[in-house]
Amino acid sequence: MTTLTAPAPPTAPDQPSALRSAARTSAIGYAAIFVLAIFANFLAVGSVLHPGDAATTADALVDAERTFRLGTAAFLVIFVVDVVLAWALHVLFRGVHHDLSLLAAWCRLTYTVFLGVSLVFLDAALRLVDHDEELVLLAINAFDTTWVVGLAAFGVHLALLGRLLWLGGGPRWLAIGLPVAGAAYVADTLARLLLTDYEAVADLMLAVVAAPSIVFEMSLAIWLVLVWKGRATIRA
């Protein structure tokens, strides 16, 4: 008696174990950064800053000192994870175009250096809170500016990832979307440096940056999981 069985669903061709391992590291790194960045930026540090109001900023820092310190620690973890992520993405894409992959890694590392340096200003704000309210506000603003300048390099990193995805046969919509998100980061950095009253457009720029970055960076993380699980491929 012959038994009929349904054919197995199609799967992506096997990827070298090194690529799947790099995709796994990248996916886990992105997941960690998403969670830590939301807490550190919006719930810890961002909730303390009151632009143009040194007294309120200093009082908020005193009231939320423990949360602020935890946010600083979260940024420190992001700093370390981003170094590993830069390496893992390079391993994943170097078979597509070695030089572009290396440049993308250097751009992410450049951003990461700026993030690490910016944490010095958060520590300075804590040390100054009992001495000078104006300097506390200046220190937190210096953190924000240093980090945002680094995000311009991160924007270039995303644009290069989009190009690598295109060359490597990745999803076309994602290959186009990542440079859009990258351009938004660069535009925000330029706006902060060039506009005399950035606060007037701060909410608009937040939306301009947040919308494409959330959609396309999260989509990138999902695609990395698919590569990790063997459900998607990257041309090596």
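Every value quoted in this text rests on a predicted model; they were computed, and no experiment measured them.

Enquirer: When you look at the overall build of the protein in this model, what are you seeing that I'm missing?
Expert: Regarding its fold elements, the protein presents seven helices and zero strands. Projected onto the principal axes, the alpha-carbon positions of the protein cover approximately 85 × 40 × 30 Å. A total of 236 residues make up the protein; the buried ones form 44% of that total. The contacts in the protein between residues at least 6 apart in sequence include a share of 77% that link residues at least 24 apart. Counting only carbon and sulfur atoms, one obtains 67% of the accessible surface of the protein, whose full area is about 12,200 Å². Here the protein contributes 13 positively and 18 negatively charged side chains, and the mean placements of these two sets differ by 23 Å.

Enquirer: Before we go on, may I ask you to explain the pattern of salt bridges in this structure?
Expert: Close approach of charged atoms lets side chains of opposite charge pair. Tallied over the full model, the rule gives five salt bridges. One salt bridge in this structure joins Arg127 and Asp123, with 2.6 Å as the shortest N-O distance. Of this pair, Arg127 and Asp123 both sit in helix α4 (residues 98–128), four residues apart, roughly one helical turn. Taking the relative accessible area as the measure of exposure, Asp123 reaches 32% and is therefore partly exposed. The partner of Asp144 in a salt bridge is Arg192, with the nearest N and O atoms 2.6 Å apart. Taken together, the residues Asp144 in helix α5 (residues 133–167) and Arg192 in helix α6 (residues 172–194) connect sequence positions 48 residues apart. We classify Asp144 as buried; its relative accessible area is 19%. For Arg192, a relative accessible area of 30% corresponds to the partly exposed category. What emerges from the salt-bridge pattern is a single network uniting Asp144, Asp188 and Arg192.

Enquirer: Explanation requested: the environment of Trp87 in the structure shown.
Expert: Along the chain, Trp87 turns up in helix α3 (residues 65–93). In the structure, Trp87 is positioned 104 residues away from Ala191 in sequence and 30 Å away in space, judged by C-alpha atoms.

Enquirer: I keep staring at the packing of α3 against α4 and nothing clicks. Help me out?
Expert: Any two packed helices are characterised by how steeply their axes cross, that is the angle between the axes, and by the distance between the axes. Where α3 contacts α4, the two axes come as close as 9 Å, and the packing angle between them is 170°. In terms of orientation, α3 and α4 fall into the roughly antiparallel class.

Enquirer: Help me understand the packing of aromatic side chains, please; the structure alone is not making it clear to me.
Expert: Two aromatic rings, taken as a pair, are described by how far apart their centres are and by the angle between their planes. By the definition in use, this model includes eight aromatic pairs. Relative to Trp223, the ring of Phe93 has its centre 6.2 Å away and its plane inclined at 15°; by these criteria the two rings are stacked. Residue Phe93 is found in helix α3, and its partner Trp223 is found in helix α7 (residues 202–228); the two are separated by 130 residues along the sequence. When sorted by exposure, Phe93 lands in the same class as Trp223, which is buried. A ring pair is formed by Phe143 and Trp147, whose centres lie 5.8 Å apart and whose planes are at 25°; its orientation type is stacked. Residue Phe143 and its partner Trp147 are both found in helix α5; the two are separated by four residues, about one turn of the helix. Considered together, Phe143 and Trp147 belong to a single accessibility category, that of buried residues. Each residue in the set Phe75, Phe143 and Trp147 is aromatic and connected to the rest through ring pairs, giving one cluster. Between Arg172 and the ring centre of Trp166, over which it is positioned, the NZ or CZ distance is 4.1 Å. Cation over ring: Lys229 sits above Trp228, and NZ or CZ is 4.4 Å from the ring centre.

Definitions and cut-offs
Residues numbered from 1 in each chain as written. Predicted model: local features only at pLDDT ≥ 70, side-chain atom pairs only at ≥ 80, totals over all residues. Heavy atoms only, no water. Helix = DSSP H or I, 4+ residues; strand = E, 2+ residues; numbered from the N terminus. Buried < 20%, exposed > 50% of the residue type's maximum accessible area, 1.4 Å probe, protein only. Contact = heavy atoms within 4.5 Å. Areas by Shrake-Rupley, 256 points an atom, 1.4 Å probe, with all protein chains shown as cover. Lys, Arg positive; Asp, Glu negative; His and termini not counted. Charge placed at Lys NZ, Arg CZ, Asp CG, Glu CD. Salt bridge = Lys/Arg side-chain N within 4 Å of Asp/Glu carboxyl O. Axes fitted to C-alpha atoms, helices over the stretch in contact; angles between N-to-C directions. Parallel < 35°, antiparallel > 145°, perpendicular 65-115°, else oblique. Phe/Tyr/Trp six-rings, centres within 6.5 Å; stacked < 30°, edge-to-face > 60°. Lys NZ or Arg CZ within 6 Å of the ring centre and 35° of its normal.

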